[in-house]
Structures are given as structure tokens and as C-alpha cells.
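Observations on the three-dimensional arrangement
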Amino acid sequence: MDSIGIRGGARLVGQIPIGGAKNAALPLLAAGLLTSGRTTLANVPALADIDSMLVLLEGLGVGVSGRTGGADSAVELDAGRLASTEAPYDAVRKMRASVLVLGPLLARRGRARVSLPGGCAIGNRPVDLHLAGLRRMGAAVDLSGGYIEAAAPGGRLRGARIVFPAVSVGATENLMMAAALARGETELVNAAREPEIVALGECLAAMGAGIEGLGTGTIRVQGADALDGASRRVPPDRIEAGTYAIAACATGGDLELLGARAGQLDALLDALRASGATVAATPRGLRVRAPDGRPRPVDAATAPYPGFPTDLQAQFMAYMTRADGAATVVETIFENRFMHVSELARMGADISVRGASALVRGVPELAGAPVMATDLRASVSLVVAGLAARGETVVNRVYHLDRGYERLAEKLRACGAAIGRTGGAAPEPAARERAA
């Protein structure tokens, strides 16, 4: 099994290009199921989750060609001849985002059978909101044998007013796609507002659906009888950008994050400034310079966008382990997202957890140690801690990293980090090519 070895203490200085956003690319790929035309996506990252989604789409009969990885990448989807409306367990178990094929399949073909999804073990993430919304749109939905079985009476969903009891990115995305081919208008109230939602909505609009309210809590979708193909560019990954911004601060470094959009990271950047860091937009992205000396302690509580991202909570906690004082980190999104705490403690961190709240008492320095990754964001938090620590850190089970960070070690090495990957697999996921 692969591991990452880090010799800490080096400042990160230089430039890091930010890749395409995984959390935008996955729903955009699923949206290709909505049309018999061709969908072309540029700037698709080479990640394990992306590969899993492409394999799933191919299993449904979608023609996939092109290349992932790099700013000049492009993937073309041809869903003109869907061979199946079933997403089996083997294709879905690795990644929660696989459930995003449910809405498009049901909307286009009038039925779908999708295995309940897998993914990181960071807490209870039921699909209840997805299913309740589809039922409001007229679907008959049943859970049997680990599968979601859904059918639209008469073969077509109908528009409806759907009020989410809690904000859900995945449910918003699934129901937006379902609504794009539904009869009439669908109104989604208390919808997610993330930039990835906006990117999906803009794609659906380019395909011919009527979309209003993107970026707000109420989205209206006017369904079309059929949708056209579209060409879109996957936006830069704000979570990757935020991770490297934190890494710059944790190592006393100075990084320019090429392609990063400061306006999508306001909550994090405000916290970094409060810690003493200097943050400024540049013509090419975002520059982050670490505080002089130990950072000031800053409290953070995760919240739906535009609040502090849950996907940056673990990384920020790793940064706060060396604060000059105590900080409180509160997790409000997932109830099991403090699994990195015990591993940070192995490196000398002083963290006390009570329920959804963690009290982080800063220490003068961390010490390298062997640690174990438990999920995607926890794994990269351990990399951040290892970069800042004295001595050597070995992060095990790094296959989690391959799901969300493209060429992580390579990008960090280019900025001065002493980091390498060992094991039997390729050093890092490379660009992937698919023949037409």
C-alpha cells in the first residue's frame, strides 16, 4: 500500500497551479446523461473519483473519449445510446457522488436503478433528501436490496416546489438535473449555493433548460422536452486552493495559487488574515504569505457556503495546532469528521474533542510520526501537519488523496517541500487518455 514520506521544516515558496474542481466535474459529467447530444468538458482533473465516474458512465453505455489531467484536458461524452439505466454496486461503492446519475437517468429514461453509494466514512450522509424530492416530482421510489429503484409514471417527471429541510449540495444537484427534463417548473427552496451548483446550473442552461436563482437559496428550473449537448470548462478547485493556502501559512511560506478565485474562499481567507497571514488577489490568482512567527489562534465553525467549508476543516485544524494560544473548531456538517484528531495527537498536537467541538491548544512545534489517513480531507491535513513538523512523517493509506488531489507531491516538491511517495503503484495519478 502506498505511503507519503515528508521531511518537515521547509518553507513552501513559489507557484502552484490549481486544477479543475472535482466537486464541479462530477455533477457536470453526470449531466451528460441528460442529452443525446455530445457534452464536452475541459479542465477535467485526473483523479480517482473522476475515473470512477467515467467508468460508471461507460457502463451505462456512454461513449467517453479524450484526456483528463491538466488545463488543456478535455473529455467528450456521447450518451446518444444509453444501454442501461442501472448503476451497479461495483461501480457505485467507491464514491458517494455516483448517486448523481439517479436524477438524470430517471428524467431522461423514466426509470433508474442505482446502488446506494459509498465514499469517505465521515458520517451519516443519507440520500433521503434526494428521494423525497424525486417523490415530490411524481416518481415512485423504493429501496430494496441496497438499491434505489425509481420510476416516473408515464415516463416523465413533473415540476414541483421542493423545500429542503437542510441544505444539501448533492440533493440540490440531483434535483436540478431531474428538473431539467421535467414537465413544467421546479422550485428548489433552501437550495445549496456553492460555486459548483452555479457551474452545473450554467451547464444546464447551455443545454436548453431555463434556470433562475443560481447562487441564491431559491433555484427555479423550467424543464425542456429535450436538451442539447454543451461545451463547458470545469472551474478551478476552491478546496485545493484553500488547502495550499493553509499549507503556505503552516510552513511559514509564500505561495501564489494560479487560477484560484479569492471570492470563493472568503470565509477561509478571513480566518487566515485573522491568524496574521497576508492574502491578496493577483492577476493570475491568489497570493498567500504566512504570519511572522506562530499564528494567532482563530476560531472556526463549518457551515454551508458561503460559510467556512467542511472540506477545509481538517486542514485548518492542522494549522491551528501551532497557534500561539487556543482555538475552537466546530463541525456542523458531518458528525464524524474529527477522525484526524487522534493522528494529529501522535505528532504532538494538543486537541480535546467534545461532541461537535474541538479545542486546539497550540504547541511550539509538531514532531514527525507515522500516521494513518482515514478519509480524503483528513489525509491532506496530515500532509499539512507533516510539512510543518520537525523530522519525518509517513502518511499511510494515501489512496484517499488520489480521490481529490491531482499531483499533490509533485506540486509541493516544486515549491521546496521534501516529500515523496513510495509503494507499488505509480508515483501519482497521471493524465488519463480514453480513445474515441
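As the structure is a prediction and not an experimental result, all values here were calculated from the model. (Residues numbered from 1 in each chain as written. Predicted model: local features only at pLDDT ≥ 70, side-chain atom pairs only at ≥ 80, totals over all residues. Heavy atoms only, no water.)

Considering all chains together, one arrives at 23 salt bridges under this definition. Between Asp-49 and Lys-22 there is a salt bridge whose closest N-O contact spans 3.1 Å. Placement of the pair is Asp-49 in helix 2 (residues 48-59) and Lys-22 in helix 1 (residues 22-31), with a sequence separation of 27 residues. Assigned by exposure class, Asp-49 and Lys-22 land together as buried. Between Arg-273 and Asp-270 there is a salt bridge, with its nearest N and O atoms 3.4 Å apart. Highlighted residues: Arg-273 and Asp-270, both in helix 9 (residues 266-274), separated by three residues, approximately one helical turn. We classify Arg-273 as partly exposed; its relative accessible area is 37%. Relative accessible area serves as the criterion here: at 49%, Asp-270 is assigned to the partly exposed category. Beyond isolated ion pairs, a larger network of salt bridges with shared partners links Asp-2, Asp-402 and Arg-421. (Salt bridge = Lys/Arg side-chain N within 4 Å of Asp/Glu carboxyl O. Helix = DSSP H or I, 4+ residues; strand = E, 2+ residues; numbered from the N terminus. Buried < 20%, exposed > 50% of the residue type's maximum accessible area, 1.4 Å probe, protein only.)

It is worth spelling out unusual backbone geometry at this point. Residue Pro-306 is reached from Tyr-305 by a cis peptide bond, and omega for that bond is 15 degrees. Position of Pro-306 among the secondary structure elements: in the loop between strand 18 (300-301) and helix 10 (313-320). Look at Arg-397: it is not a glycine, yet its phi comes out positive at around 60 degrees. By the element assignment, Arg-397 lies in the loop between strand 23 (392-396) and helix 13 (399-402). The backbone of Arg-407 sits at a positive phi, close to 55 degrees, despite the residue not being glycine.

As a further point, take the pairing of strand 20 (residues 350-354). Of the strand pairs in this sheet, strand 20 and strand 21 (residues 357-361) are connected by five bridges, and their pairing is antiparallel. Looking across to strand 21, one finds that Asp-350 is bridged to Arg-361. Hairpin remark: strand 20 followed by strand 21, antiparallel, with two residues in the connecting loop; positive phi at Gly-355, about 65 degrees. (Pairing = 2+ DSSP bridges.)

With 77 residues, the main nonpolar core has Leu-34, Leu-57, Val-101, Leu-134, Met-137, Leu-157 and Leu-204 as its most contacted residues. Residue contributions to this core peak at seven residues, all from helix 1. Contact partners of Leu-57, with chain neighbours within four places excluded, come to Leu-29, Leu-33, Val-62, Leu-77 and Val-101. In this structure, Leu-265, Phe-316, Ala-349 and Val-363 belong to the second largest nonpolar core, which totals 70 residues. (Core = buried A, V, L, I, M, F, W, Y, C linked by side-chain atoms within 4.5 Å. Contact = heavy atoms within 4.5 Å.)

Before going further, it helps to examine the sheet that holds strand 21. The four strands lie next to each other as 18-19-21-20, forming an open sheet whose pairing is mixed. Edge strands, defined here as strands with exactly one partner in the open sheet, are strand 18 and strand 20. Judged from the two bridges that link them, strand 18 and strand 19 (residues 326-330) form a sheet pairing that is parallel. Paired with Ala-301 across the strands is Val-330, a residue of strand 19.

Since the α-helix turns once every 3.6 residues, residues separated by three or four places project in the same direction. The terminal C-alpha atoms of helix 2 lie 17 Å apart, and with 12 residues this matches the ideal 16 Å at 1.5 Å per residue to within 8%. Every buried residue of helix 2 is accounted for by Asp-49, Ile-50, Ser-52, Met-53, Leu-54, Leu-56 and Leu-57. Once helix 2 finishes, Gly-61 follows within two positions and takes phi at roughly 105 degrees, a positive value. (Expected span 1.5 Å × (residues − 1).)

Quick look at the state of the cysteines now. Counted under the stated rule, the structure contains zero disulfides. You can see Cys-249 has no disulfide; the closest cysteine sulfur is in Cys-415, sitting 14 Å from it. The exposure class of Cys-249 is buried, given its relative accessible area of 5%. (Disulfide = S-S within 2.5 Å.)

The next thing to look at is the confidence of the model for the protein. Fine structural detail should not be taken from predicted coordinates in areas where pLDDT scores are low. Looking at the protein as a whole, the pLDDT averages 93, with 95% of positions reaching at least 70. Within the model, the stretch residues 119-125 combines pLDDT values under 50 with 22 contacts to residues more than four positions away or in other chains. (pLDDT = per-residue confidence, 0-100.)

Take the environment of Ser-115 next. Structurally, Ser-115 can be placed in strand 7 (residues 111-115). C-alpha separation for the pair Ser-115 and Lys-411, spaced 296 residues apart in sequence, amounts to 36 Å. If sequence neighbours within four positions are ignored, Ser-115 has contacts with Ala-87, Pro-88, Tyr-89, Val-92, Gly-146 and Tyr-147.

The topology assignment puts Ser-73 in the loop between strand 4 (63-68) and strand 5 (74-78). A distance of 2.9 Å separates a polar side-chain atom of Ser-73 from the backbone nitrogen of Val-44. If we skip the residues at most four places from it in the chain, Ser-73 touches Leu-41, Ala-42, Asn-43, Val-44, Arg-67 and Thr-68. (Polar contact = N/O pair within 3.5 Å; in protein donor to acceptor, adjacent residues only side chain to side chain.)

In this section: the sheet that holds strand 22 (residues 370-372). A sheet is described by the order of its strands in space; here four strands give the open sequence 22-23-1-24, paired in mixed fashion. The outermost strands of the open sheet, each flanked by one partner alone, are strand 22 and strand 24 (418-422). Strand-to-strand, the axes of this sheet are offset by a mean angle of 20 degrees, without reference to chain direction. Here five bridges tie strand 1 (residues 3-7) to strand 23, and the two strands are oriented antiparallel to one another. Of the residues in strand 23, the one forming a bridge with Gly-5 is Val-394. Sheet strands in contact with helix 12 (residues 376-388) are strand 1, strand 22, strand 23 and strand 24, and its direction is about 170 degrees off that of strand 23. (Axes fitted to C-alpha atoms, helices over the stretch in contact; angles between N-to-C directions.)

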